[in-house]
Amino acid sequence: MSNPATAPLLRVENLNKSYGKGVGSRHRVQILRDVSFELRRGQTLGLVGESGSGKSTTAACVMGLTGVDSGLIEFDGVNLTALSKPEMRRMRKRIQMVFQDPNGSLDPRFTVADLVEEPLIIHGVTDAAERARRVAQVLDRVGITVKQAQRFPFAFSGGQRQRIAIARALVLNPDLVVLDEPVSALDVSIQAQVLNLLSDLQDELGLTYLFIVHDLAVARLMSHNIAVMNAGRIVEAGTSADVFDNTSHPYTRALLDAVPGARRRAASLAAAAPALATEGK
Amino acid sequence: MSHTNALSFPPPSPSTGTAPGVSQDRSQDRGVVLQVKGLVTDFNTASGTVHAVRDVSFDLHKRQRMAIVGESGSGKSALAMSLVGLVPQPGRVTGGSVKLNGTEMVGLDDAGISRIRGKDIGLVFQDPMAALDPLKTIGSQFVETIRVHQDVSVKAARKMACDLLGEVGVTDAKRRIADYPHQYSGGMRQRVLIAMAIANDPSVVIADEPTTALDVTTQAQVLDLLAKICDERGNALVMITHNLGIVEELCDSVNVMYAGRFVESTSARALFESPAHPYSKALLNCVIDPATTKRGALPAIPGSPPDLSIDEPGCPFAARCPIGRDEPRCATERPESRALASGAVVRCHFASDIPGDEA
């Protein structure tokens, strides 16, 4: 914090989060257990794990979309958990999110131009000409023409819709972008286009990404650092190369071995991670 | 219109040896269980007719595991639905033939096809929650599945269901058979569907993206289970997927589908070692290899798949193809399927199985 050049942009420390099970129930389910990580400016942290491991809840906490039980979320030196709602809303201008399903995140009744303009209106950019300029600029950057932007989301392919969702996140010039499975709904040939775009944008704009992803190959390719989550805990963390080449945790090993094509018959998954075989508890 | 692109199994090889990628034990038994010829499926929509499946032909042999790979919109799911008479409105099979153990299925009425579906063909869908009735216990759905096709008592059917659930790895099946679908995890639900699919001992199991909704570790378990079940029971498998890793791991032969047609039909090993069609090559290129792929420089296929309501004269991949982009022939003349020396059957004017020999 004292030295902004080396201080992380995002620092999460001992984050705990539980949800009540049923209305008024005293029984609570612990979702996150002492989650801690740091994310430096201009870098990507890949958060990998299976469904139910707590990746998306971690993102929701960082976005201020849900409260936390305890712990610290420090963004650019400010503790987000201590902010009031209006303060958090102002802060959210600098923290934007791209969701997995662009069909769900883009209102079908808005034109693309309106969709991308909406965040500017919400965050008080009153000059219409200024808004139009910024919308045109960011759409151009993701490869959508101004003429196309007069159409509605249904007129676009899945890959184009995800570009529009990215434009919508970037129009406010955020520092941190939380990417929640941004390509897992896309075909392989289109995934590559969107991943390349995200890499280029990061390099050009100095963006910082918290990248939630279950595809390990994508995680490795895109991330400087990796944190592997299992049952609400970070079980392994390190640089991309460290985590994938010198895997130390059996859960990470099990994940890597389970990738079809990459895994070998000889490696028995059940033996590597007995906890995973007992489902439907 | 060519109806001669049936993929023979193993693919014909000039050197009479067994085809690569086909394990010996499974290629011994060569009777054809499912024969598809010139299948055409159209969807009549307000904005025109969408030709989802266009002249698809193949032979599926006993014990064969065949993959159909393609991206969304390639027609692979419409093909799967066409095989079992489940094409949703406003779609219709408008041409061709689907013969299961010699019985023609195209043109059968609902009653006729219902006697076959679930009995001689088992189905496993992508989303097990949608395939199961949330208001009925697993047991009652399972018993119904069995008793529709087999003349057994409820008690006997329940016993069969229990045994099958045990076989697919549902622990404590006797108790869990009384549970409702929501009480099962995603992976367990998919195991239940597999058990139901094989309940009446079908000769063919069709699995449409069976693991897409599952986590990678669960996916691995379900794929292992499918392979084990098919090996033990001798069913042929049609695996519909977009995941090339699954093809490599599970399948003997593969058909690459693009814009409603099979553009390359070959053995799984041949596809990975020497893909012939430019689209197959591009698709394989998109698979991220951590050792060589560089951040920001992922090979992507430019453009997007064609609109299936337009039947253009040329090759549908031409606009995205490194060869076809500049070849006038690709824009004007549709490639018919032809066999290469390797045995692969491709729809491309320029594909060759000699690397680097493309025009």
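Residues numbered from 1 in each chain as written. Chains lettered and ligands numbered in written order. Predicted model: local features only at pLDDT ≥ 70, side-chain atom pairs only at ≥ 80, totals over all residues.

- Under an unreviewed UniProt entry, the name given to chain B is ABC transporter ATP-binding protein, and the source organism is Arthrobacter terricola.
- According to its UniProt record, chain B has this under Sequence similarities (unreviewed entry): "Belongs to the ABC transporter superfamily."
- The record in UniProt for chain B states the following under Subcellular location (unreviewed entry): "Cell membrane". (UniProt positions renumbered as here; feature names shortened; annotations may be inferred.)

- With an unreviewed UniProt entry as reference, chain A is termed ABC transporter ATP-binding protein, source organism Arthrobacter terricola.
- Check the Sequence similarities (unreviewed entry) section of the UniProt entry for chain A; it says "Belongs to the ABC transporter superfamily."

**Thoughts on the overall build of chain A**
Consideration 1: Counting its regular elements, chain A contains 12 helices and 10 strands.
Consideration 2: The long-range fraction of contacts in chain A, counting pairs at least 24 apart against all pairs at least 6 apart in sequence, stands at 64%. (Helix = DSSP H or I, 4+ residues; strand = E, 2+ residues; numbered from the N terminus. Contact = placed C-beta atoms within 7 Å.)

**A short note on the overall build of chain B**
Consideration 1: Scanning chain B from terminus to terminus reveals 13 helices and 12 strands.
Consideration 2: Relative to its 359 residues, chain B shows a buried fraction of 51%. (Buried ≥ 20, exposed ≤ 12 C-beta atoms within 10 Å, placed from the backbone.)

**Observations regarding the packing of helix α5 (residues 128–142) of chain A against helix α6 (residues 158–170) of chain A**
Residues and elements named next belong to chain A.
Consideration 1: With their axes 9 Å apart at the nearest point, α5 and α6 run at an angle of 140 degrees to one another. Judged by the angle between their axes, α5 and α6 are oblique. Remark: the crossing between α5 and α6 carries right-handed chirality. Residue-level contacts link Val-138, Leu-139 and Val-142 of α5 to Arg-163, Ile-166, Ala-167 and Leu-170 of α6. (Axes fitted to C-alpha atoms, helices over the stretch in contact; angles between N-to-C directions. Parallel < 35°, antiparallel > 145°, perpendicular 65-115°, else oblique. Left-handed = near helix turned anticlockwise from the far one by under 90°.)

**Here's the deal with the sheet that holds strand β5 (residues 78–79) of chain A**
Residues and elements named next belong to chain A.
Consideration 1: Strand order across the open sheet formed by four strands is β2-β1-β4-β5, with antiparallel pairing between neighbours. Here the strands that pair on one side only, and so sit at the sheet edges, are β2 (28–39) and β5.
Consideration 2: Strand direction decides the pairing type here: strand β1 (residues 10–20) and strand β4 (residues 70–75), joined by five bridges, are antiparallel. Bridging across to β4, Leu-10 finds its partner in Phe-75. (Pairing = 2+ DSSP bridges.)

**Considerations on the pairing of strand β3 (residues 65–69) of chain B**
Residue and element names in this part refer to chain B.
Consideration 1: Within β3, five of the five residues are buried, leaving the element largely enclosed by the surrounding structure.
Consideration 2: The alternating pattern of β3 places Arg-65, Ala-67 and Val-69 and Met-66 and Ile-68 on opposite faces, both of which are buried.
Consideration 3: Pairing geometry for β3 and strand β8 (residues 236–241), over five bridges, is parallel. Note on β8: the bridge partner recorded for Arg-65 is Leu-237.
Consideration 4: Relative to strand β9 (residues 253–258), β3 runs parallel, the two sharing four bridges. Looking at the pairing, Met-66 lines up with Ser-253 of β9.

**Details of unusual backbone geometry**
Consideration 1: Along the chain, Gln-89 of chain B connects to Pro-90 of chain B via a cis peptide bond; the corresponding omega equals -5 degrees.
Consideration 2: Notably, Asn-14 of chain A is not glycine yet its phi reads approximately 50 degrees, a positive angle.
Consideration 3: Within the secondary structure, Asn-14 of chain A is located in strand β1.
Consideration 4: Although it is not a glycine, Asp-201 of chain B sits at a positive phi angle of roughly 55 degrees.
Consideration 5: Position of Asp-201 of chain B among the secondary structure elements: in the loop between α8 (186–197) and β7 (204–208).

**Quick notes on the domain arrangement of chain A**
Residue and element names in this part refer to chain A.
Consideration 1: As far as domains go, chain A holds domain 1 (1–94 + 178–190 + 201–275) and domain 2 (103–173).
Consideration 2: Spacing between the C-alpha centres of domain 1 and domain 2 amounts to 27 Å.
Consideration 3: Every contact between the two is made by six residues of domain 1 and, on the other side, six residues of domain 2.
Consideration 4: Each residue belonging to the side of domain 1 that touches domain 2 can be placed in one class, and the counts come to five nonpolar, no polar and one charged. (Domains from an automatic or database assignment. Nonpolar A, V, L, I, M, F, W, Y, C, P; charged D, E, K, R; others polar.)

**Describing the interface of chain B and chain A**
Consideration 1: Contacts between chain B and chain A engage 33 residues on the former and 33 residues on the latter.
Consideration 2: Only α8, α9 (216–233), α10 (244–250) and α12 (278–285) of chain B provide two or more residues apiece to the side of chain B that touches chain A.
Consideration 3: When residues in the side of chain B that touches chain A are grouped by element, the largest group, six residues, is from α9 of chain B.
Consideration 4: When grouped by side-chain class, the residues that make up the side of chain B that touches chain A number 16 nonpolar, 12 polar and five charged.

**Observations regarding the UniProt feature "domain: ABC transporter" (unreviewed entry) in chain B**
Consideration 1: This chain's UniProt record puts "domain: ABC transporter" (unreviewed entry) on residues 34–284 of chain B.
Consideration 2: From the first C-alpha to the last, residues 34–284 of chain B spans 28 Å; its make-up is 39% helix and 28% strand.

**Observations concerning the environment of Glu-327 of chain B**
Consideration 1: Within the fold, Glu-327 of chain B resides in the loop between α12 and α13 (328–332).
Consideration 2: For Glu-327 of chain B and Phe-350 of chain B, which are 23 residues apart along the polypeptide, the C-alpha to C-alpha distance reads 9.8 Å.

**Describing the sheet that holds strand β5 (residues 103–104) of chain B**
Residue and element names in this part refer to chain B.
Consideration 1: The sheet built from four strands is open, its strands ordered β2-β1-β4-β5 with antiparallel pairing. Of all strands in the sheet, those bounded by a partner on one side alone are β2 (48–61) and β5.
Consideration 2: As paired strands, strand β1 (residues 32–45) and β2 are joined by 10 bridges and run antiparallel to one another. Along β2, the bridge assignment pairs Thr-45 with Gly-48.
Consideration 3: Sitting on the sheet, helix α2 (residues 76–83) touches β1, β2 and β4 (91–100), and the angle it makes with β2 is about 65 degrees.

**Considering the nonpolar core**
Consideration 1: Val-116, Ala-167 and Leu-210 of chain A together with Val-204, Ile-206 and Met-239 of chain B are the most contacted members of the largest nonpolar core, which totals 180 residues.
Consideration 2: Among the domains, domain 1 (1–94 + 178–190 + 201–275) and domain 2 (103–173) of chain A are the pair contributing at least three residues each to this core.
Consideration 3: Here Leu-210 of chain A is in contact with Leu-10, Leu-39, Leu-45, Leu-47, Ala-59, Val-62, Leu-176 and Val-178 of chain A, once residues within four sequence places are set aside. (Core = buried A, V, L, I, M, F, W, Y, C linked by C-beta atoms within 7 Å.)

**Some details on α2 of chain B**
Side chains three or four residues apart in an α-helix point the same way, a direct result of the helix having 3.6 residues per turn.
Residues and elements named next belong to chain B.
Consideration 1: In terms of burial, α2 is a largely internal element, eight of the eight residues being buried.
Consideration 2: Along α2, the residues that are buried comprise Lys-76, Ser-77, Ala-78, Leu-79, Ala-80, Met-81, Ser-82 and Leu-83.
Consideration 3: Where α2 ends, the next residue or the one after it, Gly-85, has phi of about 65 degrees, a positive value.

**A closer look at the confidence of the model for chain B**
Consideration 1: For chain B, mean pLDDT is 86; residues scoring 70 or higher make up 90% of the total.
Consideration 2: Counted against residues more than four places away or in other chains, residues 1–25 of chain B, with its pLDDT under 50, gives 56 contacts. (pLDDT = per-residue confidence, 0-100.)

**Looking at the confidence of the model for chain A**
Consideration 1: Here chain A averages 86 in pLDDT, while 89% of its residues score no lower than 70.
Consideration 2: For residues 263–281 of chain A, every residue scores under 50 in pLDDT, and the model assigns this stretch 27 contacts once sequence neighbours within four places are set aside.

**What about the environment of Asp-231 of chain B?**
Residue and element names in this part refer to chain B.
Consideration 1: With respect to the helices and strands, the residue Asp-231 is situated in helix α9.
Consideration 2: Note on Asp-231: 14 C-beta atoms within 10 Å, which makes it partly exposed.
Consideration 3: Spatially, the C-alpha atom of Asp-231 lies 7.4 Å from that of Arg-63, the residues being 168 residues apart in sequence.

**Structural notes on the packing of α8 of chain B against α9 of chain B**
Residues and elements named next belong to chain B.
Consideration 1: Look at α8 against α9: their axes get within 10 Å of each other, and the N-to-C directions meet at 15 degrees. By the angle class used here, α8 and α9 are roughly parallel. Both α8 and α9 take part in a crossing whose hand is right-handed. Facing Gly-186, Gly-187, Gln-190, Arg-191 and Ile-194 of α8, the residues of α9 in contact are Thr-218, Gln-221, Val-222, Leu-225, Leu-226 and Ile-229.
Consideration 2: Classifying every residue of the contact of α8 with α9 gives five nonpolar, five polar and one charged.

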